[in-house]
Amino acid sequence: MGTYQLFKKNETYNGLYAMLLVNRLQMLYFFLIMPNILIHPYMIWVLIAVGILSQLNLFLLSKWLLTRLSSNGYNGFVQMFGKKLVRFLSFIGLFFILLKLSVITLGFSQIVQTFMLPATDTNFLVFFILLFCFYVAGKGVEHTIRFVLISFFCTFSMITFFVFFFFPPIAQLSDLYPLIPMEWKVENWKAFFLILSSYSGPEFLVFLGPWLKTNNKTFRYLCYGNALTVVEYVFLFIASLFFFGSNYLSKTQYPIINMSRYFQNPVFERIDMILLSFELFNLVFAVSLFLLLFYGASKIAFGKMSKPTSGKGLLSNVFLIFIGMVLMNELFWKSEEKQTFLLNLQIIAGSISYFLVPLVIVLVMKKEGVKKHAST
Amino acid sequence: MRLHKKICKRLILLFMTFWLSGCAPFTENKLIEEISPVTFLSISKGDKGKLTVSTIMPPLSKEKKFVMSQEVSLLKEGVQKYNLNFYQEMKSGQMRMLVISDELGRDGIMSIINVLLTDPDISPRIYLVIVKGNFDEYLESQLDKDENFDYSFYRMLKHYEEKNQGELTVVNLHEFKNLLYTPYSDPFLPVFKLEEDGVNYEGTALFKDDKLVETISSLDDRIFQLINNDHYLVVLPIQKFEIVLGHVRSKVIVDIDSSYSTMTYTVNIDTRIEEYRGEKQLFDPKQLENMKKDIETHLEKQTHELVKKMQELKVDPLQLGIQTKRPFSKPMEEKKWIEMFEKMDIKIKYNINIDPLTDANSKRQNL
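Residues numbered from 1 in each chain as written. Chains lettered and ligands numbered in written order. Predicted model: local features only at pLDDT ≥ 70, side-chain atom pairs only at ≥ 80, totals over all residues. Heavy atoms only, no water.

### Comments concerning the sheet that holds strand β12 (residues 243–256) of chain B
Within a sheet, adjacent strands bond to each other through the backbone by hydrogen bonds, running parallel or antiparallel.
Residues and elements named next belong to chain B.
Then step 1. Pairing in this open sheet of four strands is mixed, and the strands run β11-β12-β13-β14 from one edge to the other. Every other strand in the sheet has two partners, leaving β11 (232–238) and β14 (345–355) as the edge strands with one partner each. Direction aside, neighbouring strands of the sheet carry axes that sit 35 degrees apart on average.
Then step 2. Bridging between β12 and strand β13 (residues 262–276) involves twelve bridges; their strand directions are antiparallel. Bridge assignment links Gly-246 to a residue of β13, and that residue is Arg-272. (Pairing = 2+ DSSP bridges. Helix = DSSP H or I, 4+ residues; strand = E, 2+ residues; numbered from the N terminus. Axes fitted to C-alpha atoms, helices over the stretch in contact; angles between N-to-C directions.)

If you want it as structure tokens, here you go:
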């Protein structure tokens, strides 16, 4: 298969790509189930508030991206943390990536099974999704990052369909009442962390420093990406409130997809199937990016940095991930109660990683006295 | 090396197309010749708590159609029985209507609604219809005359659903479910009566939770369309005054006082006179004014009776309870609302705006 150069760096991507990366990494799986957990209309404010919090995180992130170290990739991290710590951290990172990968892939394949292929085992679907992702990831980081453009155009346009729910007779203002919380229940905390976790994803940009062209506008683009996510979340949540009403939301498992089933078109009847297929682009993009990160992290963790990257190495990694996913599917995902355990785990892990990664890096940067490199 | 890579890629592509095209052993067989996508199901009460499920088979192929009817205790069991009885497999993806008999409606249809909601093949847009009379027998008698009876029935419902054409109540599964499951509202469905000459629209069935409690018809149903469902009527005949109002548009303003004891329900109507066979000189502004007053009081009285009936039955299809929701206070419990609703003094007020008869005006005055 020739020697692959998975992590080679020929060109850097500008702010637009950074914006799309932030946006698409935040819109993975959770937005499909989110209204089911948020339920109450006043959660709109929490969505917006956490969105602003996420903006702060991105600010820290952009500080790191602006340093020279970030564009050095692995060597930059080694310079900051030391070799041993980097190996240890990437070993921990493996679990975070694996968990995130599994939750989004298993979640999505379960949705596909419910709505499109009810007779198919989800393990097969996972297999096919990973097959696609292996192909994309095999093209290297550069091409995978570029794939975000396709993924964005495939998935963003489907959001616009939901405008339909903002008009009467479906939309009634009273569905949004009460606007302020009258009592704060324990479940609301779960919703809060879910939101926090849904905004996670951009922390992986930390490792993509070498491929991003950074200048003083970078933060602005990251902000745009995040703001777009906030708008999408709020938009979808309000649409689902209009469509189901706050009381029914907790009863429907996949609110967004059930809403898309209500669309009608004289040519296509099952618009939900088409939307789901388009959503697959986003999933494939994210999963391939995470596969590459996983591969990179595993190389660092097991001290194989000196060896060249190869297709075989990636394949064996993908195979390992596949086995891990099938195990998780069989042990956890297929039974509803254990599935919530895995979901909760990801909710917590996502929140932690999004909160800590930029913070820790900036703190270490301060300590080490790393300076901004001259902005271009 | 390059050749090797190319072959590998092609093999992967071939592999994927093969699996994704559905030629896989683990997907459902949906070959069009081998399935019968039914367009409707009719459910009525059978013996001893059982259900009678019937439909027209085969829905697609050009064979002689017949009515297939099964007595089952579970709805989906009916699907299985069809499959065992007929060479094609039944699929519910093309289902457009669910016809429920009114006896079954009186017993409650929650379980049936839940079956429909759980199946991702069944669209949330299927129409729910209540039928009075024996639908199976009617189908049998219709098959000889009109093979596509089911299709024309569906077209009729679809016509009146789109853009709120007025005339009749059309409710789909999603709307019914929302009214059923959200507080401060009760669902309603159209009622059709089977007569010798065909299926006739009778009125609207009001539900308390999932049980049918009352059917409103004629003028009551017209008023219901006007104040709740469509806010539009093509014609509104009022026999008492020998007058027909046309293109009636309404706007409803509901005002509830802070103690929730009185509610003012104002209906503003814009309309014009389409036909008049009475004695009054409607070209005279004064007489027209009198006529307007008469119609207003008549409609107010009728509507008041209708609302009174709803209060007695404790059903709220008008979703009046929603008016108590406020942006900055906790919504009250549904039970409490129903208690209040029962005792509430509801004042109905109509303001009718009739276009003066301009074209014919001068002629009649000269007479």
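This is not the end of the story, as more comes after the structure.
### Quick word on the nonpolar core
Then step 1. The biggest cluster of nonpolar side chains holds 211 residues, and the ones touching the most others in it are Tyr-29 and Phe-290 of chain A together with Leu-98 and Ile-295 of chain B.
Then step 2. Looking at which domains feed residues into this core, each of domain 1 (31–216) and domain 2 (231–361) of chain B gives three or more.
Then step 3. Formed by 21 residues, the second largest nonpolar core is a distinct cluster that contains Ile-56, Met-97, Leu-139 and Phe-153 of chain B. (Core = buried A, V, L, I, M, F, W, Y, C linked by side-chain atoms within 4.5 Å. Buried < 20%, exposed > 50% of the residue type's maximum accessible area, 1.4 Å probe, protein only. Domains from an automatic or database assignment.)

### Regarding the packing of helix α5 (residues 74–81) of chain A against helix α15 (residues 336–368) of chain A
Packed helix pairs are characterised by how far apart their axes lie and by the angle those axes make with each other.
Residue and element names in this part refer to chain A.
Then step 1. Look at α5 against α15: their axes get within 10 Å of each other, and the N-to-C directions meet at 65 degrees. As α5 runs across α15, the sense of the crossing is left-handed. Only Ile-361, Val-364, Met-365 and Glu-368 of α15 make contact with α5, whose side of the interface consists of Phe-77, Gln-79, Met-80 and Phe-81.
Then step 2. Taken together, the residues of the contact of α5 with α15 break down into six nonpolar, one polar and one charged. (Left-handed = near helix turned anticlockwise from the far one by under 90°. Contact = heavy atoms within 4.5 Å. Nonpolar A, V, L, I, M, F, W, Y, C, P; charged D, E, K, R; others polar.)

### Comments concerning the pattern of salt bridges
Then step 1. Applying the stated criterion across every chain yields a total of 20 salt bridges over all chains.
Then step 2. Overlapping salt bridges bring together Asp-121, Glu-330 and Lys-334 of chain A as one network. (Salt bridge = Lys/Arg side-chain N within 4 Å of Asp/Glu carboxyl O.)

### Section: the pairing of strand β7 (residues 127–132) of chain B
Here is the key point about a regular strand: its side chains alternate between the two faces of the sheet.
Residue and element names in this part refer to chain B.
Then step 1. Within β7, five of the six residues are buried, which leaves the element mostly enclosed by the surrounding structure.
Then step 2. Of the strand pairs in this sheet, strand β6 (residues 97–101) and β7 are connected by five bridges, and their pairing is parallel. Among the inter-strand pairings, Ser-101 is bridged to a residue of β7, identified as Val-131.
Then step 3. Sheet analysis places β7 next to strand β8 (residues 188–195), joined by three bridges and oriented parallel. Following the sheet pairing, Val-131 is matched in β8 by Phe-192.

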